[in-house]
Amino acid sequence: MNYGLHLGALWPSVRAGLLCEQKYGALLNNFAAADHVPEELELLNAADFISEAPQKAQQWQRSAAEGEAAGGCEEGTGEGRTVVQAGMVTQAETSPPLCTSISSKIKCYTFPRGDIMRFRPARPDALGLLDYYLMDAASLLPVLALSVQPDDFVLDLCAAPGGKTLALLQTGFCGHLAANDISISRTKRLHQILHSYVPKEVRETVSVTSYDGRVWDQVKGGTFDKVLVDVPCTTDRHSAMEEDNNIFHKRRTKERQMLPMLQLQLLMAGILATKPGGEVVYSTCSLSPLQNECVVERALDIAGSQFNINIHVEDLSHFRTLFQDTFSFFSDCRLGELVLPHLTANFGPMYFCKLRRV
Amino acid sequence: MILRRWGSALRASERPRLSAPGRLCFGPALPRTGSAPGRLCPGLILSRAGCAPTRQPARPEKPGRPRPVPPLGAPAVPGSRPLRAGGRSWPGHPGPTRGHGGRLRWRRREGAAGGSGAPRRPRAVSWPRLRGGGGAAPRASARSSPALLLQPRLDPERREAAAAQLLLLGLSAEAALALLERSRRCCGCPRSDSGSAPRSCGAWGWTEVGQRAGGRGGHRGLPADPLLAGRLQRAVSRCPQLFHVPRKRLEAAVRLLRERCLFTAEQLREVLGTCPAVLLEEPRTLHHQFQYAYFRMGVRQKEMVKARLFRMPFAELRNRHIFLERRGLYETPHKGQTQTSNPKLKDIVQLPVKDFLASLALSTPEEYEVFKKLLAREEEEEEKEEEDVDAQYTEEDDDLDR
């Protein structure tokens, strides 16, 4: 897979981003008694990109509409009026999705574009729960896309090491969360995170299992409202920097070549685990279309032909508008969205796509 | 490996190394210019290579062009600790070779024995005589020189001191005059500096090798073809700060350029002509810069001279080169590879930042600014890490330096 061909003129920036230090976001722990933290972070010039996004996006839209209106007025008063009206109409149309998609309690602070400051390590509060979790802020986008509603049954099919699982719990809406991962060693890390961040009563709503995700439908089929399938992938950023056990080593070639197949099987299992009307979000941290769009397209095929399941791909383009200030998005994905690393906003790579089982 | 799969493969120079558990390094570490000048960066492979030349294993002189000595990947003293755990030397070099070719005719001045081996020219003093080649010194009669020295703004003491110093150096009256006229500052140099100034000029040994008597075997000094001496004189006159540089440093710099960097005499003249400030640099930094360009960028001396490499501060060169490298636009050539699609060193060094970004790096100023900050932080942390690693060892350094 030649990323240069796929990304074109964007590739040099992405490559430089992958080879430089990545940027982190601080996912606030709503369960910790840490009210001073937002203030502390704001003093450092960090901001919660999730809550700031709709205001910023509305500003963008307003200025864009004004720009159009101004241009229209120059031509003639009659035309100008219609342009202004059109601008206002589009604003009204697009704002509902903007608002609803981020009505979640997830809060994540990031430094502004171009700011390379680092966060201090997390500190425990009086009860021993850490105040925030440092992670790639782009990893929150699949969780936001899933938009968990109150009392939902949620499945995280490849949960370890647990960043996205923790974010799901931060919404406070999970009626029950099933966190599964085939790797026992990585599941240990998941347990550690749950112990460090989540109080006992909330941990009881989480069930951690170690099944092979591909056979999940045999365990429990068609019972979940929301399913997150964050599949194992070539982890491009990690692979560019770490030599140890790199997936691109010769001895792991077979494994790497089998990845798309594994990812497809996991996605199918996730789809089958969703109840009708439920939603699945597929995500990877790779730039490769072979692991991203191709897998989703194949899954849609198989679900339709073999299982007679009708699936609708949800449009996430409003994410690009909402979060354009924080992340650098790729605008030419056939399906789903892709966050590209860029030196000024060195998050990602993160691909995510939302499917709804009709 | 993903690094090789991508169209422009990441070179070994870019591959990360773990010099301490869990710590990522982003490439070979290099000191930032100006940081602790003169201090040995012990973890740096190439600093060892620079200071322990005699410890290299004796190799037969290879025919053909002599090559600069690369940074060593292993300590010169067997059994001592590795310089950098898990470290690698810069790639692409076959290994240390040392050949001095027959072209070098370095002779070093020794003490005051300038010798009057110049039968054709009578010498007023036994100091070596400046060959005023190149016509840098306009002729003026000795009679008028005192008049010129009587410039109203200089106090007599200083004028006298300056004139005496210059004449002591063996400069002809005309040359001294020219220098005094050009550099007012030189005339104003305080007495305290006077110690170093004459030595620095004289020490370059405006000697004529050909006219020396035999029996100087083993001494090294400057090849005194007249053009070179003239260039040096011009360099000094253009860049009077050179008077204030200690003699040892000047000698070391020129010797470095000739012996370690293996510039030809012609190239050396060119370098001194275009970048006289090169002699102001710490020889170590100069050497680092040269080695960086030679091994990491794969550029040869000819191109370095043409591009006026030493005009650019080392840190800026690293910024620009590593920016290109990480964007996949510059690749360290393999051993023996002569054709690359790399941008020319001339463009990298001489283009102003805006043009460099627009035409070579294909990037924006914001991106470049962030990159420079990130790179500076990376290098700072690597340096700190090196210090921490070294602090764990209690061996004395002079073991290796002898």
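- Looking at an unreviewed UniProt entry, one finds chain B named Mitochondrial transcription termination factor 4, with Malurus cyaneus samueli as its source organism.

- Identification of chain A as 5-cytosine rRNA methyltransferase NSUN4 from Malurus cyaneus samueli is taken from an unreviewed UniProt entry.
- Here is the UniProt Sequence similarities (unreviewed entry) comment for chain A, exactly as written: "Belongs to the class I-like SAM-binding methyltransferase superfamily. RsmB/NOP family."

**A word on the overall build of chain B**
Part 1 of the reasoning: Across its full length, chain B holds 17 helices and zero strands.
Part 2 of the reasoning: In chain B, buried positions account for 50% of the 402 residues.
Part 3 of the reasoning: Partitioning the intrachain contacts of chain B with sequence separation of at least 6 by distance along the chain shows that 77% fall at a separation of at least 24.
Part 4 of the reasoning: Total accessible area on chain B is roughly 19400 Å²; 52% of this is exposed by carbon and sulfur atoms.

**Quick word on the overall build of chain A**
Part 1 of the reasoning: A count of helices and strands for chain A gives 15 helices and 13 strands.
Part 2 of the reasoning: Among the 358 residues that make up chain A, the fraction classed as buried is 54%.
Part 3 of the reasoning: When the accessible surface of chain A is summed, it comes to about 15600 Å², and 54% of that surface belongs to carbon and sulfur atoms.

**Observations concerning the pairing of strand β5 (residues 152–156) of chain A**
All names here are of chain A.
Part 1 of the reasoning: Burial runs high along β5: four of the five residues are buried.
Part 2 of the reasoning: When β5 meets strand β6 (residues 174–180), the two strands line up parallel, connected through five bridges. Bridge pairing in β6 places L155 opposite A178.
Part 3 of the reasoning: With helix α7 (residues 163–170) bridging β5 and its parallel neighbour β6, the resulting β-α-β unit is right-handed.

**Topic: the environment of D315(A)**
All names here are of chain A.
Part 1 of the reasoning: Of note, D315 is situated in the loop between β10 (311–313) and α15 (317–322).
Part 2 of the reasoning: Here the alpha-carbon distance between D315 and L355, two residues 40 residues apart in the chain, equals 9.1 Å.
Part 3 of the reasoning: Within the structure, the side chain of D315 is placed 2.9 Å from the side chain of S317, a separation counted as a polar contact.

**Description of the side chain of E279(A)**
Residues and elements named next belong to chain A.
Part 1 of the reasoning: Looking at the element boundaries, E279 is found in strand β9 (residues 274–284).
Part 2 of the reasoning: The exposure class assigned to E279 is buried, which follows from its relative accessible area of 11%.
Part 3 of the reasoning: Within the structure, E279 has its side chain in polar contact with the side chain of K354 (distance 3.3 Å).
Part 4 of the reasoning: In this structure E279 touches L146, S147, D225, K226, V227, T274, E314, K354, L355 and R356, once residues within four positions along its chain are discounted.

**Remarks on the sheet that holds strand β4 (residues 132–135) of chain A**
Residues and elements named next belong to chain A.
Part 1 of the reasoning: The four strands are arranged β2-β3-β1-β4 in an open sheet whose pairing can be described as antiparallel. Either end of the sheet is taken by a strand with one partner, and the two such strands are β2 (47–48) and β4.
Part 2 of the reasoning: Where β2 and strand β3 (residues 108–110) come together, two bridges link them in antiparallel fashion. Looking across to β3, one finds that D48 is bridged to Y109.
Part 3 of the reasoning: Most of the contacts of α7 go to strand β1 (residues 25–28), to which it runs at about 40 degrees, and overall it touches β1 and β4.

**A short note on helix α9 (residues 247–260) of chain B**
Part 1 of the reasoning: The terminal C-alpha atoms of α9(B) lie 19 Å apart, and with 14 residues this matches the ideal 20 Å at 1.5 Å per residue to within 8%.
Part 2 of the reasoning: Phi turns positive, to about 60 degrees, at L262(B), one or two residues after α9(B).

**Comments concerning the UniProt feature "active site" (unreviewed entry) in chain A**
All names here are of chain A.
Part 1 of the reasoning: When the UniProt feature table is mapped onto this chain, "active site" (unreviewed entry) is found at C285.
Part 2 of the reasoning: As for its position among the elements, C285 is in the loop between β9 and α14 (293–306).
Part 3 of the reasoning: A residue is classified by how much of its surface remains accessible, and C285, at 24% relative accessible area, is partly exposed.
Part 4 of the reasoning: Dropping the residues within four chain positions of it, C285 is found in contact with C233, T235, D236, P349 and M350.

**Thoughts on the confidence of the model for chain A**
Part 1 of the reasoning: Mean pLDDT over chain A works out to 88, with 89% of the residues at or above the 70 mark.
Part 2 of the reasoning: For the stretch residues 75–94 of chain A, pLDDT sits under 50, and the model shows ten contacts to residues farther than four places along the chain or on other chains.

**So, the packing of aromatic side chains**
Residues and elements named next belong to chain A.
Part 1 of the reasoning: Taken as a whole and judged by the stated rule, the model has 22 aromatic pairs over all chains.
Part 2 of the reasoning: Taking the centre distance of 5.8 Å and the plane angle of 55 degrees together, the rings of F319 and F352 count as tilted. Highlighted residues: F319 in helix α15 and F352 in strand β13 (residues 350–357), separated in sequence by 33 residues.

**Some details on a nonpolar patch on the surface**
Part 1 of the reasoning: Among the surface-exposed residues, Y211(A), V215(A) and V219(A) lie close enough to one another that they form a single nonpolar patch of about 220 Å² accessible area.
Part 2 of the reasoning: The topology assignment puts V215(A) in the loop between β7 (206–209) and α10 (216–219).

**Overview of the nonpolar core**
Soluble globular proteins tend to bury their nonpolar side chains together.
Part 1 of the reasoning: M304(B), F310(B), L317(B), L345(B) and F356(B) are the most contacted members of the largest nonpolar core, which totals 54 residues.
Part 2 of the reasoning: Here this core takes six residues from helix α11 (residues 283–296) of chain B, the largest share from any one element.
Part 3 of the reasoning: Once residues lying within four places of it in the same chain are set aside, the contact partners of M304(B) are F263(B), F290(B), A293(B), Y294(B), V299(B), L309(B) and L345(B).
Part 4 of the reasoning: In this structure, L27(A), A53(A), V148(A) and A167(A) belong to the second largest nonpolar core, which totals 48 residues.

**So, the side chain of T274(B)**
Part 1 of the reasoning: Of note, T274(B) is situated in helix α10 (residues 265–274).
Part 2 of the reasoning: Here T274(B) is in contact with R308(B) and R311(B), once residues within four sequence places are set aside.

**Let's talk about the pattern of salt bridges**
Part 1 of the reasoning: Counted by the stated rule, this structure contains 26 salt bridges over all chains.
Part 2 of the reasoning: R326(B) serves as the salt-bridge partner of E378(B), at 3.0 Å between the closest nitrogen and oxygen. With E378(B) in helix α16 (residues 365–391) and R326(B) in helix α13 (residues 314–326), this residue pair connects regions lying 52 residues apart in the sequence. Pair check on accessibility: E378(B) and R326(B) agree, each one buried.
Part 3 of the reasoning: When salt bridges that share partners are traced, they join E21(A), R118(A), R377(B) and E381(B) into one network.

Conventions used here
- Each chain has its residues counted from 1, following the order in which its sequence is written.
- The order in which chains are written sets their letters, starting at A; the order in which ligands are written sets their numbers, starting at 1.
- The predicted origin of the model limits local features to residues at a pLDDT of at least 70 and limits the giving and counting of side-chain atom pairs to 80 or more, whereas totals for whole chains, interfaces and linings rest on all residues.
- Each side-chain value is worked out from all heavy atoms of the structure, with water and hydrogens disregarded.
- UniProt positions are given in the numbering used here, feature names are shortened, and annotations may be inferred rather than shown by experiment.
- Each helix corresponds to a stretch of at least 4 residues labelled H or I by DSSP, and each strand to a stretch of at least 2 residues labelled E; elements are numbered beginning at the N terminus.
- Note on classification: 1.4 Å probe, protein chains only; a residue is buried when its accessible area is under 20% of the maximum for its type, exposed when over 50%, partly exposed between these limits.
- What makes two residues a contact is simply this: any of their non-hydrogen atoms within 4.5 Å.
- Note on areas: Shrake-Rupley, 1.4 Å probe, and residue coverage restricted to the protein chains presented here.
- Note: two strands are recorded as paired if DSSP finds a minimum of 2 bridges between them.
- Handedness is read with the strands pointing away from the viewer; a crossover is right-handed when the path from the first strand over the helix to the second is clockwise.
- Any pair of N or O atoms that falls within 3.5 Å is considered a polar contact. Within protein, one atom must be able to donate a hydrogen and the other to accept it, and sequence-neighbouring residues count only if both atoms are side-chain atoms.
- Axis definition: a line fitted to C-alpha atoms, limited for helices to the stretch in contact. Angles are taken between N-to-C directions and run from 0 to 180 degrees.
- For a helix, the expected span equals 1.5 Å multiplied by the residue count minus one.
- Summary of the metric used: pLDDT quantifies the predictor's per-residue confidence within the range 0 to 100.
- Side-chain rings of Phe, Tyr and Trp, where Trp is taken by its six-membered ring, are said to pair if the distance between their centres is within 6.5 Å; with planes under 30 degrees apart they count as stacked, over 60 as edge-to-face, and otherwise as tilted.
- Surface patches are defined over residues having more than 30% relative accessible area and no salt bridge, joining like charges when they lie within 9 Å and nonpolar side chains (Val, Leu, Ile, Met, Phe, Trp, Tyr) when within 5 Å.
- One side-chain nitrogen of Lys or Arg within 4 Å of one carboxyl oxygen of Asp or Glu is enough to make a salt bridge.
- Take the buried Ala, Val, Leu, Ile, Met, Phe, Trp, Tyr and Cys residues and link them wherever side-chain atoms come within 4.5 Å; each set so joined is a nonpolar core.

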